[in-house]
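As a plain string of letters, each chain reads:
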Amino acid sequence: MKLWVKWLIAGILSILFGIFVLANPIAASFAVTVLAGITFLLTGGIQIYAGFSEESGTSKLLGIGLGALMVLLGLSLVFEPLSGIISLATLATILIAANGVLRLVTAFRMKETKVFWPMLISGALSVLLAAYIVANFFQIAPSLLGILLGIELLFNGSGLIAFALFLRTAKGAVKDKLEQRLNK
């Protein structure tokens, strides 16, 4: 199978999963939360193990302490996924708002450039989105993570398909240029 076809298949699968996730955003939010919890459990366990292997008392204490916090966070997310969804949705909302504010500040620092208006508009839209989420938080929070994941999968799939099509056409162009150089 050609390389570009593999990227095309990956892109199509990503789009299909994105559609599936957007059709079931609450279930996807639960899955993301539990998966995050399992990840924290595993990394926390590894951190504790690494902490015990440290020779310095401070490094050992910090390693074990941070690992224990990660394990507790993981347990919380795995055994209380609804609370985890609310916490992660809150964090996502804060990040969206902060990113928007940073883009607004950046836009005003770049007033004399071509980037000003796109940066200003994207920053304002992020701040408005965060405000909308806050205003409707308890209706939106259970599905927010799933919606964000679904949108990311759609964008990722689109990018992978574009990359696959680029590879398909670029290989032909590179081959043609090589043949032209060899024929000179």
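Please read all numbers here as calculations on a predicted model, not as lab measurements.

Engineer: Even after reading the chapter, I still don't get the overall build of the protein, so can you show me in this structure?
Structural biologist: Helix and strand counts for the protein stand at six helices and zero strands. In sequence order, the secondary structure elements of the protein are arranged as α-α-α-α-α-α. At 23 Å, the protein has a C-alpha radius of gyration far larger than the 16 Å of a compact globule built from 184 residues. Looking at the protein as a whole, 26% of its 184 residues are labelled buried. Within the protein, residue pairs in contact and separated by at least 24 positions form 74% of the contacts whose partners lie at least 6 positions apart. Carbon together with sulfur atoms contributes 74% to the accessible area of the protein, which is approximately 12,300 Å² in total. Each charge class in the protein was averaged separately, 13 positive and 7 negative side chains, and the resulting centres sit 14 Å apart.

Engineer: So what exactly am I meant to see when it comes to the environment of Leu-82 here?
Structural biologist: Counting through the fold element by element, Leu-82 comes out in helix 4 (residues 81–109). Given a relative accessible area of 48%, Leu-82 falls into the partly exposed group. Spatially, the C-alpha atom of Leu-82 lies 9.1 Å from that of Ser-29, the residues being 53 residues apart in sequence.

Engineer: Would you mind going over the environment of Val-78 with me for this structure?
Structural biologist: Here Val-78 lies in helix 3 (residues 57–79). Separated by 47 residues in sequence, Val-78 and Ala-31 place their C-alpha atoms 9.7 Å apart. Dropping the residues within four chain positions of it, Val-78 is found in contact with Val-34, Gly-37, Ile-38 and Leu-41.

About the cut-offs
- Residues numbered from 1 in each chain as written.
- Predicted model: local features only at pLDDT ≥ 70, side-chain atom pairs only at ≥ 80, totals over all residues.
- Heavy atoms only, no water.
- Helix = DSSP H or I, 4+ residues; strand = E, 2+ residues; numbered from the N terminus.
- Rg over C-alpha atoms; globule rule 2.2 N^0.38 Å.
- Buried < 20%, exposed > 50% of the residue type's maximum accessible area, 1.4 Å probe, protein only.
- Contact = heavy atoms within 4.5 Å.
- Areas by Shrake-Rupley, 256 points an atom, 1.4 Å probe, with all protein chains shown as cover.
- Lys, Arg positive; Asp, Glu negative; His and termini not counted.
- Charge placed at Lys NZ, Arg CZ, Asp CG, Glu CD.

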